[in-house]
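Overview (structure and organization)
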Amino acid sequence: KTLATKYPKFVNLHPTYVILMLKDYPPEKENKALVDILLELQKELPENCYKVIFCEESEKCKVKLNEIINKDVNVTVTEFPSIYIVTDNNITEIRKDQFSKESLKDLLV
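Residues numbered from 1 in each chain as written. Predicted model: local features only at pLDDT ≥ 70, side-chain atom pairs only at ≥ 80, totals over all residues. Heavy atoms only, no water.

**Some points on the pattern of salt bridges**
Pairing of side chains with opposite charge becomes possible as their charged atoms draw close. Per the counting criterion, the structure on display carries four salt bridges. Across the pair Asp36 and Lys32 runs a salt bridge whose closest N-O atoms are separated by 3.5 Å. Of the two residues, Asp36 and Lys32 both sit in helix H2 (residues 29-44), four residues apart, roughly one turn of that helix. For Asp36, a relative accessible area of 30% corresponds to the partly exposed category. Note that Lys101 and Glu44 form a salt bridge whose closest N and O atoms lie 2.5 Å from each other. Of this pair, Lys101 sits in helix H4 (residues 101-108) while Glu44 sits in helix H2; the two residues are 57 residues apart in sequence, bridging distant segments of the chain. Each of the salt bridges in this network shares a partner with another, and the network as a whole consists of Glu40, Glu44, Lys101 and Lys105. (Salt bridge = Lys/Arg side-chain N within 4 Å of Asp/Glu carboxyl O. Helix = DSSP H or I, 4+ residues; strand = E, 2+ residues; numbered from the N terminus. Buried < 20%, exposed > 50% of the residue type's maximum accessible area, 1.4 Å probe, protein only.)

So, in structure tokens, the structure goes:
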């Protein structure tokens, strides 16, 4: 209880998830930069959960998020790379022009 009152940001029953969807493994050079951004954000904002998902299909990919966020949600990805921010009751897709560390950090803080 003392930790929860002193550090409420770190004790959260429903953390924010940042999910990066990529088409191919291993990631290409530009997609590798996105993975590096997620790793840097994970060090700076450890209260969030970060996940990278690789899709095998070429045009669109259906992803079941129930194993990641414990909710029965399916997402169909048609554009790669895609970043989703999932909060308790919202799923937000981030546009490609916002794929920078600063803009993602502003959305997560």
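On we go from here.
**Quick word on the sheet that holds strand S1 (residues 17-22)**
Read across the sheet, four strands follow the order S2-S1-S5-S6 without closing on themselves; strand pairing throughout is mixed. With one partner strand each, in any of the chains shown, strand S2 (49-54) and strand S6 (91-94) form the two edges of the open sheet. The average angle at which neighbouring strand axes cross in this sheet is 20°, direction not considered. Pairing of S1 with strand S5 (residues 82-86) involves five bridges; the strand directions are antiparallel. Bridging across to S5, Met21 finds its partner in Ser82. Of the strands in this sheet, S1 and S2 touch H2, which is tilted by about 165° from S1. Each of S1, S2, S5 and S6 touches H4; the most contacted strand, S5, lies at about 15° to it. (Pairing = 2+ DSSP bridges. Axes fitted to C-alpha atoms, helices over the stretch in contact; angles between N-to-C directions. Contact = heavy atoms within 4.5 Å.)

It is worth stressing that arrangement in space is one thing and function is another; only the former is reported here.
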